[in-house]
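This is what each chain is made of:
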Amino acid sequence: MPLKRHRSVSAPAYRTLQFTSEISKKNNPTTSKRISQESNIQGTFAENTCRCPCLSCRRNQIDVGKVYTASYTKALIRTSSQSFFIVLTEPSAMLSRHALVFAVVSTLIVTALADHLRASENPGELSPALLKELRDSYKPDNQTRLLHNAVTNNEIKDLALNRGILRGHNTHFSHKIEFKANTDQCSSGRCWIFAGLNTMRPQVIRERQLADFEFSSAYLQFWDKMEKANLYLEQMIALRDADYLSREWQLVNKWSLSDGGWWNYVVGLIDKYGVVPSDVMPETHSSSNTRTMNRILERKLRADAARLHKLHKQGGSVDDLRKLKQQAMKEVYRFLAINLGEPPTEFEWRYEIKKDATQTGKEPLSEFVPTTDADFSSTRTQLSPLVQYTPKSFYKKFVGVDLRDFVCIYHDPNNAAYKHYQFKDARNMVGIDDMHFVNAPIDVLKQAAMKSILANQPLWFAADVGKDQSTKHGIMANRLYEYDTLFGQNHKMTKAERVRYGLGGSNHAMVFMGVDIRNGKPVKWLVENSWGDDKGDQGKWTLYDDWFDEHVYTLIVDKRFLSKKVMKVFEEKAKVLPPWYPGAAGIDAND
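Rules used in this analysis
Residues numbered from 1 in each chain as written. Predicted model: local features only at pLDDT ≥ 70, side-chain atom pairs only at ≥ 80, totals over all residues. Heavy atoms only, no water. Axes fitted to C-alpha atoms, helices over the stretch in contact; angles between N-to-C directions. Helix = DSSP H or I, 4+ residues; strand = E, 2+ residues; numbered from the N terminus. Parallel < 35°, antiparallel > 145°, perpendicular 65-115°, else oblique. Left-handed = near helix turned anticlockwise from the far one by under 90°. Contact = heavy atoms within 4.5 Å. Nonpolar A, V, L, I, M, F, W, Y, C, P; charged D, E, K, R; others polar. Buried < 20%, exposed > 50% of the residue type's maximum accessible area, 1.4 Å probe, protein only. Arc of directions from axis to C-beta. Salt bridge = Lys/Arg side-chain N within 4 Å of Asp/Glu carboxyl O.

Novice: Would you mind showing me how to read the packing of helix α10 (residues 217-238) against helix α15 (residues 318-340) here?
Specialist: Think of two packed helices as two axes; the pair is described by the angle between the axes and how far apart they sit. In the contact formed by α10 and α15, the axes pass within 10 Å of each other and the chain directions differ by 155 degrees. Judged by the inter-axis angle, α10 sits roughly antiparallel to α15. Helix-helix and strand crossings are classified by hand; for α10 and α15 the assignment is right-handed. For the pair α10 and α15, the contacting residues are Gln 221, Phe 222, Trp 223, Lys 225, Met 226, Ala 229, Asn 230, Leu 233, Glu 234 and Ile 237 in the first and Val 318, Leu 321, Arg 322, Lys 325, Ala 328, Met 329, Val 332, Tyr 333, Leu 336, Ala 337 and Leu 340 in the second. Here the residues of the contact of α10 with α15 are counted per class, giving 15 nonpolar, two polar and four charged.

Next comes the structure, spelled out in structure tokens:
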């Protein structure tokens, strides 16, 4: 472009120039004031776009314009990143074109000063310059446009699914426990109850030669809610003088009444209340869909807690508070009985055995009564005598296992191996122990699990089920979904890092029912879930061993399958981990 001489400016020129960032003035008055106070530069302005050969002007695309107001004149300077006003306050003689260049260059210096001051005061903000850099970094090339079209028109999981894993997938296992995989926790956080009962279910089916059998989860759910309500009000009595902003207070009110739980919750409930068959106390809408029931119960108990604390402030004793609590617990019992049904104290029950049952069953076949179906006279079955049970006597007869023979081993790389730990307040009842465990290397968990399965003993375990598992295909495999490859990102983290940053920990309980062993090492594991038989492989999942390494944390195992070295650690005093430790709140605690 040919150079053009600047014409004279007919409007009055000025001597003192104040440079103020329009953006800074709006968003950061402090920065704007500092620039105004520190900038006092000689110069003038031109009416039109600057065409001088100055490299500073050309590099920063300076646009100089003139604006008149009633009391003063100001020039608007625009750069590629910000806008500035040159405020002219004192008349003087006309200045040359080079004075204008000097003013423009000075303005650029002030621009840099403004950016520096703003960066020093708000170093972490998304500044205009950074936003421009981010926009410039996005390159909508052919590959990016194709990816955009794919992602916006499809399920991301389907695009990221690792087809290589699907190609090599099979459901063959060298060792498998026979079981019926059709339990369904529905829209509730009771996986820990289902998993606990499902470890006992195969034994009952096998020993009694039943076609099928299921324990009542609603029965244990009723008593879990009762015990948690009582524990919550007891904690509120204990915290009657606590600051409501304290962390302990906040966690008690956040987690105490949820559906979540641990293995020790199962042990405490069965030891105190026993078990019943599912047809004695069947599922209800509220047992399977707990959200509304939980919210109403939480609202009621928090109101009870407020009344307890009001009575305390009025001078009520602890005995007075407990009397008020007892009245509240009557209302809780009524509420739960309306929602779940009243749990039986005694019941009559009998069962039907397989047509091909043999004398090898636990009860002599001579005690069974042959029956004939009225509509199908050729169908004959064997029916047990009608017997009266209590929930505890039923457990003793049909299960009879001492659940205290089972202990918890855990794998958390953030804590030292072969040490005893305890999650503070991880319990659902007054008077039972908190959840505690020995932290061990992952291979210790695998060896114990293999020994248990080979002995036909299912295992309760807990994992981070939100990672790399397909409900559609019934697969759990490391890198089953390659999101990082799909989007060109780096997602690499260790197991310890995932725990520390809230991306890892036990959040769902299931049962190991089989293992595929090759050359003495596990390749994959057979899992019974509690999501119904319409998910996974008819309620079953294949868990590959690399997924075990990355996402399994908790295993409940019979003591006889653990070494003396591990069992010796349980004799040591447990180190207490705080209730806010990752995973301490309990399985499915937020459901």
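Novice: Even after reading the chapter, I still don't get unusual backbone geometry, so can you show me in this structure?
Specialist: Glycine aside, residues mostly have negative phi angles, and peptide bonds mostly take the trans form. Phi is positive for Gln 209, close to 55 degrees, though the residue is something other than glycine. Locating Gln 209 in the fold gives a position in the loop between α9 (191-208) and α10. Overall, Gln 209 belongs to the buried group, its relative accessible area being 12%. Positive phi, normally seen in glycine, also occurs at Asn 456, with a value near 70 degrees. Given a relative accessible area of 32%, Asn 456 falls into the partly exposed group.

Novice: What is the right way to look at helix α16 (residues 391-398) in this model?
Specialist: Structural remark: α-helix, 3.6 residues per turn; residues separated by three or four positions point the same way. For α16, the complete set of buried residues consists of Pro 391, Phe 394, Tyr 395 and Phe 398. End-on, the buried residues of α16 take up no more than an arc of 100 degrees, which puts them together on one face. Here the buried face of α16 lies against α9, α10, α12 (263-273), β8 (347-349) and β12 (387-389). Directly after α16, the chain includes Gly 400, whose backbone phi takes a positive value near 65 degrees.

Novice: I tried to follow the pattern of salt bridges on my own but got confused; where do I start?
Specialist: Pairing of side chains with opposite charge becomes possible as their charged atoms draw close. With the rule as written, the count across this model stands at 27 salt bridges. For the salt bridge of Asp 484 with Arg 479, the shortest nitrogen-to-oxygen distance reads 2.9 Å. Accessibility expressed as a relative area gives 15% for Asp 484, which makes it buried. Since its relative accessible area comes to 33%, Arg 479 is described here as partly exposed. Among the charged side chains, a salt-bridge network with shared partners connects Lys 300, Asp 304, Arg 307 and Glu 331.

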